[in-house]
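So you can see what is in the structure, the chains are spelled out below.
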Amino acid sequence: LVPYKDFLLGTTEVMFRDLDELVEIVNLFDGRKVQIYVYNSDSETIREVTLVPDSKWGGHGCIGADIRTGILHRIPPPRKNVAALNHTQ
């Protein structure tokens, strides 16, 4: 995961609407693999990332990353011209 550039969107079954939904999935999959869709604001693409949450890894939390929410941590608007992209397809 890329700090300040990657945004966790959800799984194949759950879209993260708030931090509580992410926490629920992380706790549910403690010690097991879970596929998470991640949006990167630099490349403006979505990719699948495999996380293995582990509450026993020795640090704080289960995934080894700080998670932030709120107005300062929203997905930025696209920089690419969507109309131009649609025209070239």
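The structure under discussion appears in the preceding block.
Residues numbered from 1 in each chain as written. Predicted model: local features only at pLDDT ≥ 70, side-chain atom pairs only at ≥ 80, totals over all residues. Heavy atoms only, no water.

**Q** In this structure, what is going on with the pattern of salt bridges? I would like to understand it.
**A** A side chain of one charge can pair with a side chain of the opposite charge when the charged atoms of the two come close. Under the counting rule described, the total for this entry stands at three salt bridges. Between Asp-42 and Lys-5 there is a salt bridge, with its nearest N and O atoms 3.5 Å apart. Linking Asp-42 in the loop between β2 (34–40) and β3 (45–51) with Lys-5 in the segment before β1 (6–10), this pair joins segments that are 37 residues apart in sequence. In this structure, Glu-21 and Arg-17 form a salt bridge, with 2.9 Å as the shortest nitrogen-oxygen distance. We classify Glu-21 as buried; its relative accessible area is 16%. (Salt bridge = Lys/Arg side-chain N within 4 Å of Asp/Glu carboxyl O. Helix = DSSP H or I, 4+ residues; strand = E, 2+ residues; numbered from the N terminus. Buried < 20%, exposed > 50% of the residue type's maximum accessible area, 1.4 Å probe, protein only.)

**Q** Any chance you could explain the environment of Lys-80 here in plain terms?
**A** Tracing the chain through its elements places Lys-80 in the loop between β3 and α2 (82–88). With relative accessibility at 42%, the residue Lys-80 sits in the partly exposed group. Along the primary structure Lys-80 and Ser-43 are separated by 37 residues, whereas in three dimensions their C-alpha atoms are 9.9 Å apart.

**Q** How do you make sense of the packing of aromatic side chains when you look at a structure like this?
**A** Going through the model one piece at a time under the given rule, you end up with one aromatic pair. Ring centres of Phe-7 and Tyr-39 lie 6.5 Å apart, and the angle between their planes is 45 degrees; on these two criteria the pair is classed as tilted. Placement of the pair is Phe-7 in strand β1 and Tyr-39 in strand β2, with a sequence separation of 32 residues. The class of Phe-7 is buried, set by a relative accessible area of 16%. For Tyr-39, a relative accessible area of 12% translates into the label buried. (Phe/Tyr/Trp six-rings, centres within 6.5 Å; stacked < 30°, edge-to-face > 60°.)

**Q** When you look at a nonpolar patch on the surface in this model, what are you seeing that I'm missing?
**A** A cluster of nonpolar side chains, Leu-19, Val-23 and Ile-67, forms an exposed patch at the surface whose accessible area comes to about 200 Å². Inspection of the secondary structure puts Leu-19 in helix α1 (residues 19–28). (Patch = residues over 30% accessible without salt bridge, like charges linked within 9 Å, V, L, I, M, F, W, Y side chains within 5 Å. Areas by Shrake-Rupley, 256 points an atom, 1.4 Å probe, with all protein chains shown as cover.)

**Q** Would you take a moment to explain α1 for this structure?
**A** For an α-helix the count is 3.6 residues per turn, leaving residues at separations of three or four pointing the same way. Taken together, the buried positions of α1 are occupied by Glu-21, Leu-22, Ile-25 and Val-26. Angular distribution of buried residues about the axis of α1 spans 135 degrees; they occupy a single face of the element. Counted as exposed and oriented over 90 degrees from the buried face of α1: Asp-20, Glu-24 and Leu-28. For α1, the secondary structure elements touched by its buried residues are β1 and β2. (Arc of directions from axis to C-beta. Contact = heavy atoms within 4.5 Å.)

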